[in-house]
Amino acid sequence: MAAGMSDIRKALADRLNTFGDFQAYEYIPDAVNAPGGFIEPDRPFVNYQHVFQSGQVKWNFVLTILVNRSEERDAQKELDEYLDPEGAFVTLLQSDEDGDELDDICSYVTVTAGTRYGAYAMGGTTYLGAQLEFVVSA
């Protein structure tokens, strides 16, 4: 049976929770512990046509990454490190980690774009953040 959206979101969050002190949420929380982020479906969130061609589904997700703004320059530097295309965070998200749940249920994860760099208000706190758009084939 193919992996569903909830299974993929949980596996993505589990993988990202192995990255330092980053707190990943598989759902949209009321508040976050920064640095952290949450995974939500993108718009559109699934390509049904892809199913009929290969038996797999292409799921589109967005990861919103949030960091504390206590010092603006340091916050931007920290956020930029999460967004670096060659950096450890993006590499982990796209990696083929043998043995983890995401590797077991998905063929690949590809980060396709970074968007919405700026201030985010959540749970009464303003963070600096950005979004990574990515595709999962499962």
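Above: the structure in question.
About the cut-offs
- Residues numbered from 1 in each chain as written.
- Predicted model: local features only at pLDDT ≥ 70, side-chain atom pairs only at ≥ 80, totals over all residues.
- Heavy atoms only, no water.
- Pairing = 2+ DSSP bridges.
- Helix = DSSP H or I, 4+ residues; strand = E, 2+ residues; numbered from the N terminus.
- Salt bridge = Lys/Arg side-chain N within 4 Å of Asp/Glu carboxyl O.
- Buried < 20%, exposed > 50% of the residue type's maximum accessible area, 1.4 Å probe, protein only.
- Phe/Tyr/Trp six-rings, centres within 6.5 Å; stacked < 30°, edge-to-face > 60°.
- Expected span 1.5 Å × (residues − 1).
- Arc of directions from axis to C-beta.

Novice: What's the story with the pairing of strand E2 (residues 36–47) in this structure? I'm lost.
Specialist: Here is the key point about a regular strand: its side chains alternate between the two faces of the sheet. In the sheet, strand E1 (residues 23–25) pairs with E2 via three bridges, with the strands oriented parallel. The residue bridging Ala24 from the neighbouring strand is Gly37, located in E2. Alignment of E2 against strand E3 (residues 58–67), held across eight bridges, turns out to be antiparallel. Pairing of Asn47 across the sheet is with Lys58, part of E3.

Novice: Where do I start with the pattern of salt bridges in this structure?
Specialist: Side chains bearing opposite charge may pair, as long as their charged atoms lie close to each other. On inspection of all chains with the given rule, the structure shows three salt bridges. Among the ionic pairs, Asp14 bridges to Lys10, the shortest N-O distance being 2.8 Å. Remark: Lys10 and Asp14 occur in helix H1 (residues 5–16); sequence separation between them is four residues, near one turn of the helix. Residue classification places Asp14 among the partly exposed residues on the basis of a relative accessible area of 33%. Lys10 sits in the partly exposed class, given a relative accessible area of 34%. Linking Arg15 and Asp100 is a salt bridge whose minimum nitrogen-to-oxygen distance equals 2.7 Å.

Novice: What am I meant to see in the packing of aromatic side chains here?
Specialist: With the rule as written, the count across this model stands at seven aromatic pairs. For the pair Phe22 and Tyr82, a centre-to-centre distance of 5.3 Å together with 50° between the ring planes defines the contact as tilted. In this pair, Phe22 is assigned in the loop between H1 and E1 and Tyr82 in helix H3 (residues 72–83), connecting sequence segments 60 residues apart. Here Phe22 falls in the buried class, since its relative accessible area comes to 3%. Ring geometry for Phe61 versus Phe134: centroids 5.9 Å apart, planes at 25°, classification stacked. With Phe61 in strand E3 and Phe134 in strand E5 (residues 125–137), the pair connects residues that are 73 residues apart, well separated along the chain. Here Phe61 falls in the buried class, since its relative accessible area comes to 1%. The structure contains a cluster of three or more aromatic residues connected by ring pairs, namely Phe19, Phe22, Tyr82 and Phe89.

Novice: Sorry, what's going on with unusual backbone geometry here?
Specialist: With the exception of glycine, most residues fall at negative phi, and the peptide bonds are largely trans. Cis geometry is adopted by the peptide bond preceding Pro35, which originates at Ala34 and carries an omega value of 5°. Position of Pro35 relative to the elements: it lies in the loop between E1 and E2.

Novice: I tried to follow H3 on my own but got confused; where do I start?
Specialist: The end-to-end C-alpha distance of H3, which contains 12 residues, comes to 16 Å, matching closely the 16 Å that a straight helix rising 1.5 Å per residue would cover. Taken as a whole, H3 has its buried residues at Ala75, Leu79, Tyr82 and Leu83. Each buried residue of H3 sits inside an arc of 95° when the element is viewed along its axis, so together they form one side. Every exposed residue of H3 that faces more than 90 degrees away from the buried side is listed here: Arg73, Lys77 and Glu81.

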